[in-house]
Amino acid sequence: ISESEKFYIEKININGNFNTLEEVVRNNLIVDEGDPFNEILFNRSINDIQSLGIFKKVETNIQKGSKDSFKIIDLNVEERPTGEISVSAGFGTEGGTIGAGIKENNFLGKGINLNTNFEINADSVKGQFIYAKPNFNYSDNTLFTSLKSSTSDFLTDSGYKTSELGFSLGTRFEQFQNIYLSPELDFLIEDLETSSKASNTIKKQEGSYTDLYFNYSIRQDLRDKKFRTEDGFVTTFSQELPVVSDNSELANSFDITKYKKLSTRSDMVAKVSFYGKTITGLSDDVRISKRLYIPASRLRGFEKGKVGPVDNNDFVGGNHLTSLNMSATLPNIFEGLDNLDVGVFFDAANIWGIDYDSSLDDKSTIRSSTGVALNLMTPIGPLSFSFANALSKASSDKTESFRFNLGTQF
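Cut-offs and rules
Residues numbered from 1 in each chain as written. Predicted model: local features only at pLDDT ≥ 70, side-chain atom pairs only at ≥ 80, totals over all residues. Heavy atoms only, no water. Helix = DSSP H or I, 4+ residues; strand = E, 2+ residues; numbered from the N terminus. Rg over C-alpha atoms; globule rule 2.2 N^0.38 Å. Buried < 20%, exposed > 50% of the residue type's maximum accessible area, 1.4 Å probe, protein only. Lys, Arg positive; Asp, Glu negative; His and termini not counted. Charge placed at Lys NZ, Arg CZ, Asp CG, Glu CD. Pairing = 2+ DSSP bridges. Contact = heavy atoms within 4.5 Å. Axes fitted to C-alpha atoms, helices over the stretch in contact; angles between N-to-C directions. Expected span 1.5 Å × (residues − 1). Patch = residues over 30% accessible without salt bridge, like charges linked within 9 Å, V, L, I, M, F, W, Y side chains within 5 Å. Areas by Shrake-Rupley, 256 points an atom, 1.4 Å probe, with all protein chains shown as cover. Salt bridge = Lys/Arg side-chain N within 4 Å of Asp/Glu carboxyl O. Core = buried A, V, L, I, M, F, W, Y, C linked by side-chain atoms within 4.5 Å. Phe/Tyr/Trp six-rings, centres within 6.5 Å; stacked < 30°, edge-to-face > 60°. Polar contact = N/O pair within 3.5 Å; in protein donor to acceptor, adjacent residues only side chain to side chain.

A. Focus on the overall build of the protein chain. When helices and strands are tallied, the protein chain shows three helices and 21 strands. Compactness check: the protein chain gives a C-alpha radius of gyration of 24 Å against a globular reference of 22 Å for 410 residues, within 12% of the reference. Viewed in the frame of its principal axes, the protein chain has a C-alpha envelope of about 85 × 50 × 45 Å. Relative to its full complement of 410 residues, the protein chain shows a buried share of 39%. Of note, the protein chain has its 43 positive side-chain charges centred 3 Å away from the centre of its 56 negative side-chain charges.

Below you can see the structure in the form of structure tokens.
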């Protein structure tokens with residue numbers, strides 16, 4: 001075993017970033033000018049830059065420096081439209097859901113992420129605005145804030161209506177190698193209105209609430225790369241702790257996702273994910289608006305919020321939920337269509353726990369579905385489809401066989 005010749009980075013030239021500030025690119029370089037040249041860390045830096053989603057191409061050219069032990073790196077990027085207007089819709093057994101959003105991944109060329117979205121269905125209107133600034137004040141920390149508002153009107157069928165207005169402020173940083181910490185303060189104002197049709201339990205909860213929560217998550221990222229991951233896993237633990245609350249709850253969640261490339265001859269990658277969350281009332285039963293629902297992305301083939309225990313013809317969510325998701329990409333299905341990605345998936349989930357009435361619980365019912373997902377990059381932007389078929393469900397669950405999302409870039 002002999003020591004190889006050492007090289008040092010003399011200079012890094014960044015070209016092609018006409019709208020993007022140079023610091024956005026340099027903030028994602030693990031190796032910098034004056035450092036020893038490490039090919040593994042350098043390739044990881046290039047992958048991190050690609051994962052930003054603001055460049056169409058990232059190419060490098062390594063040249064000899066002023067001395068034999070020096071290297072000069074030319075980093076050539078090609079910018080792409082970073083804004084996106086999207087429209088989504090789902091069609092199921094009872095009507096559909098419509099949503100829209102506007103995203104900007106490189107606001108003012110500073111790598112700032114802006115995301116505005118809203119969702120409308122027969123019972124509710126929800127909207128949210130999110131701002132995230134990476135490397136805030138040159139601290140290597142991401143600062144994020146959000147503003148959300150929602151109204152859910154079930155007065156006609158279930159006898160209650162909720163209105164929420166919330167604000168959050170937090171940060172995200174790498175505490176240890178590959179371990180990221182995200183503390184956050186979450187402030188929420190809610191009004192709960194009931195009518196004679198509401199159950200006695202919900203009538204007891206009528207009133208106005210003010211909540212201040214301290215939320216945090218710990219994330220361990222051991223993927224081989226962020227852009228087009230082929231191996232490794234990501235683990236996240238999150239907790240929501242009440243600081244000041246009129247009706248306090250404690251929530252815990254755990255998520256682990258494993259990636260594995262299935263073939264050395266193709267880009268076929270499998271992904272397996274397990275997710276679990278639980279919420280417990282500390283002073284009383286969990287408020288109706290705080291109860292858990294299975295995320296739509298973790299149980300395709302079912303209408304969002306239309307799964308689980310039912311009380312007075314209303315889906316009231318649960319205190320506990322779990323999901324298992326398996327998917328795999330299918331490369332080269334259609335020859336010549338490099339802009340089309342096809343994948344298959346299997347989703348299974350369960351939601352249970354009714355703290356105010358155990359007789360409504362249906363914890364023995366497992367919901368599951370399988371289907372095909374297609375993502376097509378068109379001249380006007382990304383277009384995605386999801387076709388799903390429910391394999392098992394409760395008689396009260398509402399299914400959704402088709403969902404699409406259309407976006408245009410600017």
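B. Broad picture of the pairing of strand β2 (residues 55-64). Relative to strand β3 (residues 70-79), β2 is paired through nine bridges, and the arrangement is antiparallel. In the sheet register, Val58 faces β3, and the bridge partner there is Val77. The hairpin formed by β2 and β3 contains five residues between the paired strands.

C. Structural context of unusual backbone geometry. Phi at Leu108 takes a positive value of approximately 60 degrees, unusual for a residue other than glycine. Position of Leu108 among the secondary structure elements: in the loop between β5 (96-107) and β6 (112-120). The exposure class assigned to Leu108 is exposed, which follows from its relative accessible area of 55%. At Asn137, a residue that is not glycine, the phi angle is positive and equals roughly 55 degrees. For Asn137, the location among the structural elements is in the loop between β7 (124-133) and β8 (142-154).

D. Inspection of the environment of Lys271 at higher detail. In this structure, Lys271 sits in strand β14 (residues 269-281). Considering only alpha carbons, one finds Lys271 and Ala328, 57 residues apart in sequence, at a separation of 6.2 Å. Dropping the residues within four chain positions of it, Lys271 is found in contact with Thr257, Lys258, Tyr259, Asn325, Met326 and Ser327.

E. Geometry of the sheet that holds strand β1 (residues 8-15). With respect to topology, three strands assemble into an open sheet ordered β1-β3-β2, the strand pairing being mixed. Two strands close off the open sheet at either side, each with one partner strand: β1 and β2. Each neighbouring strand pair of the sheet contributes to a mean axis angle of 20 degrees, computed without reference to strand direction. Relative to β3, β1 runs parallel, the two being bridged by seven bridges. The partner of Lys11 across the bridge, within β3, is Ile72.

F. View of the side chain of Asn178. Residue position: Asn178 is located in the loop between β9 (160-176) and β10 (179-194). Excluding residues within four positions of it along the chain, Asn178 makes contact with Arg44, Arg219, Gln220, Asp221 and Leu222.

G. Quick look at helix α2 (residues 39-50). An ideal rise of 1.5 Å per residue puts 16 Å on twelve residues; α2 measures up with 17 Å between its terminal C-alpha atoms. Residues of α2 that are buried in the fold lie against α1 (22-26), β2 and β3.

H. How the structure looks around a positive patch on the surface. On the surface, a cluster of positive charge is made up of Arg44, Arg172, Arg219 and Lys226. Tracing the sequence through the fold places Arg44 in helix α2.

I. Inspection of the nonpolar core at higher detail. Counting residues in each nonpolar core, the largest one holds 16 residues, and the members touching the most others are Ile12, Val25, Ile49, Phe55, Val58 and Leu75. Sorting the residues of this core by element identifies β1, α1, α2, β2 and β3 as the ones contributing at least two each. With twelve residues, the next largest nonpolar core counts Tyr275, Ile279, Leu292 and Phe302 among its residues.

J. Local environment of the packing of aromatic side chains. One pass over the full model with this rule turns up seven aromatic pairs. Both rings, one in Phe385 and one in Phe387, keep their centres 6.3 Å apart while their planes meet at 15 degrees; by these two values the pair is stacked. By relative accessible area, Phe385 is classed as partly exposed at 26%. Between Phe387 and Phe402 the ring centres are 5.2 Å apart and the planes differ by 40 degrees, which places this aromatic pair in the tilted class.

K. View of the pattern of salt bridges. If you walk through the whole model with that rule in mind, you get 18 salt bridges. Between Glu230 and Lys225 there is a salt bridge, with the nearest N and O atoms lying 3.9 Å from each other. The exposure class assigned to Glu230 is partly exposed, which follows from its relative accessible area of 22%. In this structure, Glu230 engages Lys261 in a salt bridge whose closest nitrogen and oxygen atoms are separated by 3.6 Å.

L. Up close: a nonpolar patch on the surface. Taken together, the side chains of Ile218, Phe237, Phe254, Ile256, Val272, Phe274, Leu324 and Met326 define a hydrophobic patch exposed on the protein surface, amounting to about 600 Å² of accessible area. Looking at the nonpolar patch, the elements with two or more residues in it are β13 (249-261), β14 and β17 (320-329). Inspection of the secondary structure puts Leu324 in strand β17.

M. Highlighting the environment of Asn247. Relative to the helices and strands, Asn247 is located in the loop between β12 (231-245) and β13. The class for Asn247 is buried, based on a relative accessible area of 6%. Taking the C-alpha atoms as reference points, Asn247 and Asn117, separated by 130 residues in sequence, lie 28 Å from one another. Sequence-distant contacts of Asn247, defined by excluding residues within four places in its chain, comprise Tyr209, Asp211, Tyr213, Ser283, Asp284, Asp285 and Arg287. Within the structure, Asn247 has its side chain in polar contact with the side chain of Ser283 (distance 3.5 Å).

N. Expanded view of a negative patch on the surface. On the surface, Asp153, Asp191, Glu193 and Glu206 cluster together into a patch of negative charge. Structurally, Glu193 is set in strand β10. Taking the relative accessible area as the measure of exposure, Glu193 reaches 42% and is therefore partly exposed.

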